[in-house]
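The chain contents come next:
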Amino acid sequence: EAFAWVKNHAADFGGDINQLYVAGGSTGGNLALELSYKINAGIYKTSADGTELPTVKAVSVTYPATSVVAVYNNDDLVLGDIVHNMAYSYTGCSPEENPALYSSLAPANFITASTPPTNMVLGAGDVIVPTKETYELDADLEKAGIEHQTVTIPYANHGFDAVDGNMGNRAYLDLSLRWFEQYLGNTGDE
């Protein structure tokens, strides 16, 4: 529904729906990847009111939950139980109770030739979202021939960009801006 709203209102704010770029962090990174991949693949075509969904030119995410199963099964000694509960709150069930739901949230399951170019930035020391699955998504994108990059911030934990102007925040914003600029079409503006 948010993609439909953007399509219907982008021009009201000076936006061009043909230049749609999506970003998100953590669970929002999961949503950005999963929905962008599904929309571009034609799995989601219209909103509830029949609005045709716009395609995504490129996506940039930070510390994305590329596997909600891995988040649910987080075994960190300090935060594991909290993260487990966060994943349960996100889905309303465990992976064992509804494996199809968890599978439907895995962006890797929806990679096609139309998958948008993907930029992923993560912290090497993330204790909330396991990094292994993000590297696996990177490998899946490579295998499928999808333009992508994965940048790892050494020693950084989950939420490394939470403070405006800090190094992690500036790195993610700069990397995202450069990533999106690569995919700008000729809009006629110089």
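Calculation criteria
Residues numbered from 1 in each chain as written. Predicted model: local features only at pLDDT ≥ 70, side-chain atom pairs only at ≥ 80, totals over all residues. Heavy atoms only, no water. Helix = DSSP H or I, 4+ residues; strand = E, 2+ residues; numbered from the N terminus. Rg over C-alpha atoms; globule rule 2.2 N^0.38 Å. Buried < 20%, exposed > 50% of the residue type's maximum accessible area, 1.4 Å probe, protein only. Contact = heavy atoms within 4.5 Å. Areas by Shrake-Rupley, 256 points an atom, 1.4 Å probe, with all protein chains shown as cover. Pairing = 2+ DSSP bridges. Right-handed = clockwise from strand over helix to strand, strands pointing away. Core = buried A, V, L, I, M, F, W, Y, C linked by side-chain atoms within 4.5 Å. Polar contact = N/O pair within 3.5 Å; in protein donor to acceptor, adjacent residues only side chain to side chain. pLDDT = per-residue confidence, 0-100. Expected span 1.5 Å × (residues − 1). Arc of directions from axis to C-beta.

Re the overall build of the protein chain
- Each helix and strand counted, the protein chain has 7 helices and 4 strands in total.
- Walking the protein chain from its N terminus toward its C terminus, one meets helices and strands in the order α-β-α-β-α-α-α-β-α-β-α.
- For 190 residues, the compact-globule estimate of 2.2 N^0.38 gives 16 Å, and the C-alpha radius of gyration of the protein chain, at 17 Å, lies within 12% of that figure.
- The principal-axis extent of the C-alpha atoms belonging to the protein chain is close to 55 × 40 × 35 Å.
- Scored against the burial criterion, the 190 residues of the protein chain give a buried share of 43%.
- The long-range share in the protein chain, meaning contacts at least 24 apart out of those at least 6 apart in sequence, stands at 73%.
- Of the roughly 10,000 Å² that the protein chain leaves accessible, carbon and sulfur atoms contribute 54%.

Remarks on the pairing of strand β2 (residues 58-62)
- Burial analysis of β2 places 5 of its 5 residues in the buried class, the great majority of the element.
- Of the two faces of β2, the one carrying A58, S60 and T62 and the one carrying V59 and V61 are both buried.
- Here strand β1 (residues 21-25) runs beside β2; their pairing, made up of 5 bridges, is parallel. Note on β2: the bridge partner recorded for V22 is V59.
- A crossover links β1 with its parallel partner β2, the connecting element being helix α2 (residues 27-41), and its sense is right-handed.
- By the bridge criterion, 4 bridges tie β2 to strand β3 (residues 118-123) in an arrangement that is parallel. When the bridges of β3 are listed, S60 appears paired with N119.

A few points about the nonpolar core
- With 18 residues, the main nonpolar core has F3, V22, Y37, V59, L137 and L141 as its most contacted residues.
- Elements supplying a minimum of two residues to this core: α1 (2-9), α2, β2 and α6 (132-144).
- Broken down by element, the residue count for this core peaks at 4 residues, all from α2.
- Leaving out residues up to four positions away in the same chain, V59 has contacts with V22, A32, L33, S36, Y37, P116, P117, T118, N119, W179 and F180.
- With 11 residues, the next largest nonpolar core counts V68, A87, Y102 and I128 among its residues.

Considering the side chain of H148
- Mapped onto the secondary structure, H148 falls in strand β4 (residues 148-153).
- Separated by 2.7 Å, the side chain of H148 and the backbone oxygen of I146 make a polar contact.

Comments concerning the confidence of the model for the protein chain
- Per-chain confidence: the protein chain averages 94 in pLDDT, with 97% of residues scoring 70 or above.
- Predicted confidence is poor over residues 186-190, with pLDDT under 50, and the contacts of this stretch with residues over four places away or in other chains come to 2 contacts.

Considering helix α4 (residues 80-91)
- With 12 residues, α4 ought to run about 16 Å at 1.5 Å a step, and its terminal C-alpha atoms sit 17 Å apart, in line with that.
- Taken together, the buried positions of α4 are occupied by G80, V83, A87 and T91. Taken down its axis, α4 places every buried residue within 70° of arc, on the same side. Exposed positions of α4 whose direction lies more than 90 degrees from the buried face are D81 and S89.
- Backbone geometry just after α4 places G92 at a positive phi near 80°.

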